[in-house]
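This is what each chain is made of:
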Amino acid sequence: MRSLRKIGLAGLIAFVAMGAAIRGTVAEGAQDGAGAADYSALVPRLVGDYAVPAARDLEARLGVLRDRIADLCKEAGTGTAADAAARAFDAAFAETVAAHGRLFVLRFGALAEDTRLERLAFVPDRRGVVRRQVTRLLADPDSVATDAASLRDKSVALQGLSALEWIAYDADGSVVLGVNDAGRAFRCAYAGAIAARMVILAGEVAEAYRAPAGQTAMLLAPGPGNALAQDPHAAAGFVFQQIVTSISLLSDQVLAPVLEEGPPAARAARAPFARSHHALLHLRASLRGIGTALRTAGFAKMDADAAWIGDTLAFETNNAVAALEVLPSDLASVLADPEQRASLAYVALVLDGLERTVGGELAGHLGFQGGFNALDGD
């Protein structure tokens, strides 16, 4: 682990130094060449080869999760069969969390419309909105929340994976959905409605990317009179900045609060999916998603001088994922151990470096506006 961090940090320092050396000249050269390059294939590749398959994968995982909820709630809540059902549910939930991580980093088109991002998962949740609203609902059950159709009209914080995690897991990461108590029937009905609603929603996202309408259609058909993108370069720049925003989100709103001073358990609770002990799984999937999305679209291949950035992205992303894979799933225990916390701090450094390299250097090579962050002001 120590050698992994050394390699990763050395590479990061070298890449940042390289970026500083060329920063003064890269933007001007990129603007001169932006018109000559063909940007028209970037968005179609990203949508067709990444967004659609990722949304379909999430839809499929959610279908399995819906079935595992039904299985879990059929059991009596104790015994060997109930334990097996709980393990099967947790496995399905983990696979769904990973599928969400791979998709939500796009943040444009079908995902960005009709509050779909928030309906799939209310993350990050810095103010504990999900906890407060779900707790109130459990204290005062509302039958509207037990029907997939009517649930859509409830607060977005009461829908999606974040709400499901809160009712399905205890603070120690154990599965409590299906446990026999006075609220079992409502929790099971509510969980089933959440899963059914998400299956519908993921299908809507996949179809909206496959047969584009709204923002996706505007990005795939740029031209004069298009308020969002008047040419392919503008369309590619828009989706590129949404992915850069995802890097910023993971760095500033997911890892940074976790690495602040304070009790490990309290800091861990700030991370998405920490309650189920799947926070690091979601982070790994998101990192992979960012790298795969940028590579699938072909952003780093648009300029021969930017080839090193594609190599940097792959190298640092792989190192960060490898560092996360060897950590325990319980984020609180990671933060309580100095060496394991150092590994997490290394991942934060990687994200900071990628934000500068991708959002600064690569954006400059491509002639995209640098320094924009959709999260500014939040």
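Above this text sits the structure in question.
This text gives an overview of the structure that appears in the document. These numbers come from a predicted model, not from an experiment. (Residues numbered from 1 in each chain as written. Predicted model: local features only at pLDDT ≥ 70, side-chain atom pairs only at ≥ 80, totals over all residues. Heavy atoms only, no water.)

**Focus: the overall build of the protein**
- A count of helical and extended segments in the protein gives 15 helices and zero strands.
- Within the protein, residue pairs in contact and separated by at least 24 positions form 79% of the contacts whose partners lie at least 6 positions apart.
- Summed over its atoms, the accessible surface of the protein is roughly 15500 Å², and 54% of this surface lies on carbon and sulfur atoms. (Helix = DSSP H or I, 4+ residues; strand = E, 2+ residues; numbered from the N terminus. Contact = heavy atoms within 4.5 Å. Areas by Shrake-Rupley, 256 points an atom, 1.4 Å probe, with all protein chains shown as cover.)

**Some details on helix H15 (residues 338-366)**
- The end-to-end C-alpha distance of H15 is 40 Å, a good match for the 42 Å that 29 residues give at a rise of 1.5 Å each.
- N-cap assignment for H15: the residue whose side-chain oxygen lies 3.1 Å from the backbone N of Glu 339 is Asp 337. (Expected span 1.5 Å × (residues − 1). Polar contact = N/O pair within 3.5 Å; in protein donor to acceptor, adjacent residues only side chain to side chain.)

**Structural notes on the pattern of salt bridges**
- Tallied over the full model, the rule gives 14 salt bridges.
- Of the charged contacts, one joins Arg 210 and Glu 207 as a salt bridge, the two residues approaching to 2.5 Å between their closest N and O atoms. Of the two residues, Arg 210 and Glu 207 are both situated in helix H8 (residues 184-210); the distance of three residues between them amounts to about one turn of the helix.
- A salt bridge links Glu 325 to Arg 288; the nearest nitrogen and oxygen atoms lie 2.6 Å apart. With a gap of 37 residues between them, Glu 325 in helix H13 (residues 307-325) and Arg 288 in helix H12 (residues 279-297) connect regions that are remote in the sequence.
- The partly exposed category is assigned to Glu 325, whose relative accessible area is 45%.
- A network of salt bridges, in which partner residues are shared, links Arg 56, Glu 59, Glu 207 and Arg 210. (Salt bridge = Lys/Arg side-chain N within 4 Å of Asp/Glu carboxyl O. Buried < 20%, exposed > 50% of the residue type's maximum accessible area, 1.4 Å probe, protein only.)

**A word on the packing of aromatic side chains**
- In total, this model carries 10 aromatic pairs according to the counting rule given.
- When the ring of Phe 93 is compared with that of Phe 273, the centres are 6.3 Å apart and the planes differ by 70°; the resulting orientation is edge-to-face. With Phe 93 in helix H3 (residues 80-104) and Phe 273 in the loop between helix H11 (264-268) and H12, the pair connects residues that are 180 residues apart, well separated along the chain.
- Given the relative accessible area of 0%, Phe 93 is considered buried.
- When the centroid spacing of 6.0 Å and the interplanar angle of 65° are considered together, the rings of Phe 108 and Tyr 209 count as edge-to-face. In this pair, Phe 108 sits in the loop between H3 and helix H4 (116-120) while Tyr 209 sits in helix H8, placing the two residues 101 residues apart along the sequence. With respect to class, Phe 108 is no different from Tyr 209; both count as buried.
- Aromatic ring contacts, followed pair by pair, group Tyr 39, Phe 240, Phe 299 and Phe 368 into a single cluster. (Phe/Tyr/Trp six-rings, centres within 6.5 Å; stacked < 30°, edge-to-face > 60°.)

**Quick look at the side chain of Asn 226**
- By the element assignment, Asn 226 lies in the loop between helix H9 (214-220) and helix H10 (232-258).
- For Asn 226, a relative accessible area of 9% gives the class buried.
- Sequence-distant contacts of Asn 226, defined by excluding residues within four places in its chain, comprise Met 218 and Ala 221.

**So, a positive patch on the surface**
- Residues Arg 126, Arg 127, Arg 131, Arg 132 and Arg 136 make up a contiguous surface patch of positive charge.
- The residue Arg 126 is located in the loop between H4 and helix H5 (129-139) in this model.
- Judged by its relative accessible area of 45%, Arg 126 falls in the partly exposed class. (Patch = residues over 30% accessible without salt bridge, like charges linked within 9 Å, V, L, I, M, F, W, Y side chains within 5 Å. Lys, Arg positive; Asp, Glu negative; His and termini not counted. Charge placed at Lys NZ, Arg CZ, Asp CG, Glu CD.)

**Thoughts on empty space enclosed by the protein**
- On inspection of all chains with the given rule, the structure shows one cavity of 30 Å³ or more.
- Computed from the structure, the largest cavity encloses a volume of approximately 90 Å³.
- Lining the largest cavity, in full, are Leu 250, Val 254, Leu 255, Val 258, Ala 271, Pro 272, Ala 279, Leu 280, His 282, Leu 283, Leu 331 and Leu 344.
- Elements with a minimum of two residues in the lining of the largest cavity: H10 and H12.
- Of the residues in the lining of the largest cavity, the class split is 11 nonpolar, one polar and no charged. (1 Å grid on protein atoms, 1.4 Å probe; cavity = no way out; pocket = protein on both sides within 12 Å on 5 of 7 lines; lining within 4 Å. Points joined across faces, edges and corners; volume = space filled by probe spheres on them. Nonpolar A, V, L, I, M, F, W, Y, C, P; charged D, E, K, R; others polar.)

**Focus on the nonpolar core**
- The biggest cluster of nonpolar side chains holds 117 residues, and the ones touching the most others in it are Leu 106, Tyr 190, Tyr 209, Phe 240, Phe 299, Leu 331 and Leu 344.
- Residues within four places of Tyr 190 in sequence aside, it is in contact with Val 134, Leu 137, Ala 145, Thr 146, Leu 151, Leu 158, Ala 163 and Ile 167. (Core = buried A, V, L, I, M, F, W, Y, C linked by side-chain atoms within 4.5 Å.)

**A short note on the layout of surface pockets**
- Estimates place the volume of the largest pocket at around 670 Å³.
- Lining of the largest pocket is provided by 29 residues; of these, Trp 166, Ala 268, Ala 269, Arg 270 and Ala 271 occupy positions nearest its centre.
- Elements that contribute at least two residues to the lining of the largest pocket include exactly H5, helix H7 (160-168), H10, H11 and helix H14 (331-336).
- Along the lines of polarity and charge, the residues of the lining of the largest pocket split into 16 nonpolar, four polar and nine charged.

**Describing the packing of H12 against H15**
- Closest axis-to-axis distance for the H12/H15 pair is 13 Å, and the angle between their directions is 25°. Overall, the two elements H12 and H15 adopt an arrangement that is roughly parallel. In terms of crossing hand, the pair formed by H12 and H15 is left-handed. Judged by residue contacts, Leu 280, Leu 283, Leu 287 and Leu 294 of H12 engage Leu 344, Val 347, Leu 351 and Val 358 from H15.
- Partitioning the contact of H12 with H15 into residue classes produces eight nonpolar, no polar and no charged. (Axes fitted to C-alpha atoms, helices over the stretch in contact; angles between N-to-C directions. Parallel < 35°, antiparallel > 145°, perpendicular 65-115°, else oblique. Left-handed = near helix turned anticlockwise from the far one by under 90°.)

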